[in-house]
Amino acid sequence: MCDLLCSSLQPLLFTYFRSSCSWRVRIALALKGIQYDQCAINLIQDGGQQRTDEFKHVNPMQQVPALKIDGVTLSQSNLAVLQRVGDAKLEWAQHFITKGFQALELLLQETAGQYCVGDQVTMADLCLVPQVANADRFKVDMTPYPTISRINHALLKLEAFHVSHPSRQPDTPPDLRA
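Residues numbered from 1 in each chain as written. Predicted model: local features only at pLDDT ≥ 70, side-chain atom pairs only at ≥ 80, totals over all residues. Heavy atoms only, no water.

Draft legend 1. Molecular detail of the sheet that holds strand E3 (residues 66-69). The 4 strands are arranged E2-E1-E3-E4 in an open sheet whose pairing can be described as mixed. Edge positions in the sheet fall to strand E2 (37-40) and strand E4 (72-75), since each of these pairs with one other strand and no more. Strand-to-strand twist across the sheet, computed as the mean angle between neighbouring axes with direction ignored, equals 20°. By the bridge criterion, 4 bridges tie strand E1 (residues 12-15) to E2 in an arrangement that is parallel. What sits directly across from Phe14, in E2, is Cys39. On the sheet, helix H2 (residues 20-32) packs against E1, E2 and E3 and is oriented at approximately 155° with respect to E1. (Pairing = 2+ DSSP bridges. Helix = DSSP H or I, 4+ residues; strand = E, 2+ residues; numbered from the N terminus. Axes fitted to C-alpha atoms, helices over the stretch in contact; angles between N-to-C directions. Contact = heavy atoms within 4.5 Å.)

Draft legend 2. Representation of the nonpolar core in the model. Ile97, Phe101, Leu128, Met142, Ile148, Leu155 and Phe161 are the most contacted members of the largest nonpolar core, which totals 23 residues. The set of elements that each furnish at least two residues to this core consists of H2, helix H5 (89-111), helix H6 (123-137), helix H7 (146-155) and helix H8 (159-163). The dominant element in this core, judged by the number of residues it contributes, is H6, at 5 residues. The residues touching Met142, leaving out its near neighbours within four places in the chain, are Phe101, Val132, Ala135, Asp136, Ile148 and Ser149. In this structure, Phe14, Tyr16, Ile41 and Phe55 belong to the second largest nonpolar core, which totals 12 residues. (Core = buried A, V, L, I, M, F, W, Y, C linked by side-chain atoms within 4.5 Å. Buried < 20%, exposed > 50% of the residue type's maximum accessible area, 1.4 Å probe, protein only.)

Draft legend 3. Spotlight on the packing of H6 against H7. Running from N to C, H6 and H7 point in directions that differ by 105°, and their axes come no closer than 10 Å. Looking at the two axes, H6 sits roughly perpendicular to H7. On H7, the residues touching Asp125, Leu128, Val129 and Val132 of H6 are Ile148, Ile151, Asn152 and Leu155. Partitioned by chemical class, the residues of the contact of H6 with H7 number 6 nonpolar, 1 polar and 1 charged. (Parallel < 35°, antiparallel > 145°, perpendicular 65-115°, else oblique. Nonpolar A, V, L, I, M, F, W, Y, C, P; charged D, E, K, R; others polar.)

Draft legend 4. How the structure looks around the pattern of salt bridges. Enumeration according to the criterion identifies 1 salt bridge in this entry. Here Asp53 makes a salt bridge to Lys56, at a shortest N to O gap of 3.8 Å. In this pair, Asp53 and Lys56 are both assigned in helix H3 (residues 53-58), 3 residues apart and thus about one turn of the helix distant. For Asp53, a relative accessible area of 54% gives the class exposed. Take Lys56: its relative accessible area is 36%, and that puts it in the partly exposed class. (Salt bridge = Lys/Arg side-chain N within 4 Å of Asp/Glu carboxyl O.)

Draft legend 5. Molecular detail of H7. Those residues of H7 that fall on the buried side of the exposure criterion are Thr147, Ile148, Ile151, Asn152, Ala154 and Leu155. Along the long axis of H7, the arc covered by the buried residues comes to 160°, so they all point the same way. Exposed positions of H7 whose direction lies more than 90 degrees from the buried face are Pro146 and His153. (Arc of directions from axis to C-beta.)

Draft legend 6. Region of interest: H6. The terminal C-alpha atoms of H6 lie 22 Å apart, and with 15 residues this matches the ideal 21 Å at 1.5 Å per residue to within 8%. Lys139, located one to two residues past H6, shows a positive phi value of around 60°. (Expected span 1.5 Å × (residues − 1).)

Draft legend 7. The packing of H2 against H6, seen in detail. Contact geometry of H2 with H6 gives a least axis separation of 9 Å together with a crossing angle of 140°. Judged by the angle between their axes, H2 and H6 are oblique. The way H2 lies across H6 gives a crossing that is right-handed. Facing H2, whose interface residues are Ser20, Trp23, Arg24, Ile27, Ala28 and Leu31, H6 presents Leu126, Cys127, Val129, Pro130, Ala133 and Asn134. (Left-handed = near helix turned anticlockwise from the far one by under 90°.)

This is the structure we're talking about:
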């Protein structure tokens with residue numbers, strides 16, 4: 001799985017390049033200036049590396065991201081939901097992203113400045129950018145969401161969002177690199 005497993009002195013992030021949950025953690029680490037090593041966990045190949053016995057020792061929930069920091073492993077993910085949806089994934093994703101964006105667009109019209117809540121990057125921004133990327137990936141029409149689109153565009157100009165982008169991760173397949 002990862003040569004860094006035992007030898008990493010820095011925090012170690014178990015990640016998958018396309019995982020929006022992993023992306024949020026990468027953004028947060030970049031914003032805080034925290035240096036870390038990565039261990040790429042391929043969720044697709046051979047039934048998914050997250051299901052191996054080796055990874056079960058890292059995260060018994062068998063999900064990414066998992067962040068090993070100061071001897072403690074923190075974990076959380078919702079990617080398994082999309083994996084179980086199967087053939088209906090596109091329609092399901094479009095439905096729920098659209099439903100969420102309809103509500104979010106209204107909320108952001110009240111709270112937004114340059115970013116989601118005023119002019120400082122907040123946790124809301126860390127969640128917004130990966131979700132907009134999912135909307136793009138699942139071909140959601142963003143026309144009805146000008147506030148979301150404007151904020152996303154502004155955030156993607158920030159270095160932390162740039163370096164943490166899925167297309168720039170070590171495990172990103174060549175055809176998906178930016």
